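Okay, here's what each chain looks like letter by letter:
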Amino acid sequence: VPVKTLDWSDGVLSIIDQTLLPIEFKHIDLKSREDVWTAIKELKVRGAPAIGVCAAFGVLVGVHEVNPQTSAESITAACETADYLATSRPTAVNLFWALDRMRHCLSGLEDSANSSDDVWKGLEAEAIAIWDHDRKICRDLGKHGAALISDGDGVLTHCNAGGLATSDYGTALAVMYKAHENGTSFQVFADETRPLLQGARLTAWELQQAKIDVTLICDNMAAQVMREGKIQLVVTGADRIALNGDAANKIGTYGVALLAKAHDIPFYIAAPSSTFDTEMATGDSIPIENRDSREITHGFGAQTGPDDIQVYNPAFDVTPNSLISGIVTEGGVLMPPFTESIHQFLSEYSLHV
Ligand code: MRU
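Rules behind the numbers
- Residues numbered from 1 in each chain as written.
- Predicted model: local features only at pLDDT ≥ 70, side-chain atom pairs only at ≥ 80, totals over all residues.
- Heavy atoms only, no water.
- Near = heavy atom within 4 Å.
- Polar contact = N/O pair within 3.5 Å; in protein donor to acceptor, adjacent residues only side chain to side chain.
- Areas by Shrake-Rupley, 256 points an atom, 1.4 Å probe, with all protein chains shown as cover.
- Helix = DSSP H or I, 4+ residues; strand = E, 2+ residues; numbered from the N terminus.
- Nonpolar A, V, L, I, M, F, W, Y, C, P; charged D, E, K, R; others polar.
- Salt bridge = Lys/Arg side-chain N within 4 Å of Asp/Glu carboxyl O.
- Buried < 20%, exposed > 50% of the residue type's maximum accessible area, 1.4 Å probe, protein only.
- Core = buried A, V, L, I, M, F, W, Y, C linked by side-chain atoms within 4.5 Å.
- Contact = heavy atoms within 4.5 Å.
- Phe/Tyr/Trp six-rings, centres within 6.5 Å; stacked < 30°, edge-to-face > 60°.
- Lys NZ or Arg CZ within 6 Å of the ring centre and 35° of its normal.
- Axes fitted to C-alpha atoms, helices over the stretch in contact; angles between N-to-C directions.
- Parallel < 35°, antiparallel > 145°, perpendicular 65-115°, else oblique.
- Left-handed = near helix turned anticlockwise from the far one by under 90°.
- Expected span 1.5 Å × (residues − 1).

Asker: Before we move on, could you go through the site of the ligand and cite the residues and values that matter?
Answerer: Surrounding the ligand, one finds 16 residues, the nearest of these being Arg46, Ala48, Arg89, Asn249 and Lys250. A distance of 2.8 Å is found between an oxygen atom of the ligand and a side-chain nitrogen or oxygen belonging to arginine 46. In this structure, an oxygen atom belonging to the ligand sits 2.9 Å away from a side-chain N or O atom of aspartate 239. Alone, the ligand offers 420 Å² of accessible surface; in the complex the protein occludes 100% of this. Sorting the residues of the shell around the ligand by element identifies helix H2 (48-66) and strand E9 (247-250) as the ones contributing at least two each. Counted by class, the shell around the ligand contains seven nonpolar, five polar and four charged residues.

Asker: Talk me through the pattern of salt bridges; I want residue IDs and the actual numbers.
Answerer: Under the criterion given, the structure shown has 16 salt bridges. Between arginine 89 and glutamate 289 there is a salt bridge whose closest N-O contact spans 2.8 Å. Here arginine 89, found in the loop between helix H3 (71-85) and helix H4 (93-112), pairs with glutamate 289, found in the loop between strand E10 (267-270) and helix H10 (294-297); they are 200 residues apart in sequence, far enough to count as distant. As far as the burial class goes, arginine 89 and glutamate 289 line up, both buried. Its salt-bridge partner being arginine 103, residue aspartate 100 comes within 2.9 Å of it at the nearest N-O pair. You can see aspartate 100 and its partner arginine 103 sitting in helix H4, three residues apart, about one turn around the helix.

Asker: Go over the nonpolar core with me, naming the residues and quoting the values.
Answerer: The biggest cluster of nonpolar side chains holds 42 residues, and the ones touching the most others in it are Phe57 and Leu123. Counting only elements with at least two residues in this core, the list comes to strand E1 (6-9), strand E2 (12-16), strand E3 (27-30), helix H1 (33-41), H2, H3, H4 and helix H5 (116-145). Top contributing element to this core by residue count: H2, with 12 residues. Ignoring sequence-local partners within four residues, the contact set of phenylalanine 57 consists of Leu6, Trp8, Leu13, Ala127, Ile128 and Trp131. Counting 27 residues, the second largest nonpolar core, distinct from the first, contains Met226, Ala238, Leu334 and Phe345.

Asker: Could you give an account of the packing of aromatic side chains, with specific residues and numbers?
Answerer: Summed over all chains, the structure comprises eight aromatic pairs. Measuring from centroid to centroid gives 4.9 Å for tryptophan 8 and phenylalanine 57, while their planes differ by 20°, and the two rings are stacked. Taken together, the positions of tryptophan 8 in strand E1 and phenylalanine 57 in helix H2 put the pair 49 residues apart, joining distant regions of the chain. With respect to class, tryptophan 8 is no different from phenylalanine 57; both count as buried. Among the aromatic residues, ring-to-ring pairing joins Trp8, Phe57, Trp120 and Trp131 into one connected group. Positioned above the aromatic ring of tryptophan 131, the side-chain terminus of arginine 135 is 4.4 Å from the ring centre. Over the ring of phenylalanine 316 we find lysine 250, and its NZ or CZ is 4.2 Å from the ring centre.

Asker: Describe unusual backbone geometry, listing the residues and the values that go with them.
Answerer: The peptide bond linking leucine 21 to proline 22 adopts the cis configuration, its omega dihedral lying at 5°. Inspection of the secondary structure puts proline 22 in the loop between E2 and E3. Looking along the chain, the bond that leaves arginine 194 and enters proline 195 is cis, with omega of -5°. Despite not being glycine, aspartate 10 shows a phi value in the positive range, around 50°. For aspartate 10, the location among the structural elements is in the loop between E1 and E2. One non-glycine residue with positive phi stands out, namely leucine 43, at about 65°. Following the sequence through the fold, leucine 43 ends up in the loop between H1 and H2. Accessibility expressed as a relative area gives 5% for leucine 43, which makes it buried.

Asker: Report on the side chain of serine 32, specifying residues and quantitative values.
Answerer: By the element assignment, serine 32 lies in the loop between E3 and H1. Accessibility expressed as a relative area gives 14% for serine 32, which makes it buried. Those residues in contact with serine 32 that lie beyond four places of it in its chain are Val61 and Glu65.

Asker: Explain the packing of H3 against H4 to me, and be specific about the residues and the numbers.
Answerer: Contact pair H3 / H4: the axes reach a minimum separation of 10 Å and the direction vectors enclose 165°. In terms of orientation, H3 lies roughly antiparallel with respect to H4. Crossing of H3 over H4 shows left-handed handedness. Contacts from Ile75, Ala78, Cys79, Ala82, Asp83 and Leu85 in H3 reach Leu95, Leu99, Arg103, Leu106, Leu109 and Glu110 in H4. Across the contact of H3 with H4, the residue classes break down as nine nonpolar, no polar and three charged.

Asker: Explain H4 to me, and be specific about the residues and the numbers.
Answerer: In this model, H4 (20 residues) spans 29 Å end to end at C-alpha, consistent with the 28 Å of a helix rising 1.5 Å per residue. Turning to H4, its buried residues number three or more, namely Val93, Asn94, Leu95, Ala98, Leu99, Arg101, Met102, Cys105, Leu106 and Leu109. Elements that come into contact with the buried residues of H4 comprise H2, H3, H5 and strand E8 (240-241).

See the structure below:
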């Protein structure tokens, strides 16, 4: 297993604090709903699927915190926690998907649960099912995507769509982990991913741990590295995919997709069914998170912009479907036209979750 991002044991939720990587590898316990909200907001736990799994267990943390005596009190605490956690970050749809699953489970428990213990057991089983599901589908996704990588390839990725962004195996990096397990020999180029450096701090670290050949580059080097012929494939993750295939991912992904097009390099997205937004026809209405200006002017302690400068800090961008060669999912690699392939995939797979 590349890395176990979070754990749930004896009713305690713990995560790797990703803000400390790669300098320190440390687990922290999330003991209150505020702890969970803050961990998501501050990117201690991040990456679309991992946020969803963490929020599902976060609902249990919120119930435990109020020590409910009746099933009604438990249900109220769970609903309030789910509503609260939904306000932590706006772009990754997996957060809302996981919370909706917990809410759906709760509405069943409203009729069947006789005690706070019944509610707890029902919610815990659902959160564990979400967690298990994520582990399984990342492996399925890796199996489907591994064939995209050939011996001798250079593969570029942006941000971190690895074990750290999921329960343990990743989406874009699952493709690489599986190709590596299959004995394919290839080289990964990891964009550092300004401003929070998920590529440098997390992807480079994770692949190095897994003994995969990885080279770190600054975001603005990608065009030159492509021009030098070092990249044969780009694979990134996604935070939300519209029904026409437009895909939101970490800021800078759209630029990488444009560069790939200009160099005739295939550009793939890897994402599970929980990343598709069945209510969004195109990417135009995907909410884009805006983050604190200090991430740009005071990144990692050093001041790198003038005092009182205006800053714009969108954390995600949307890559239009025309730039995407295919979408690797747990059900196979979806090819254009995406409106049809996504529809077919979701009608087969979203029923099985
Ligand atoms: O802001 P982050 O670090 O949560 O952004 C993460 C990404 O953009 C990932 O590429 C995406 O969530 C896919 S993770 C499998």
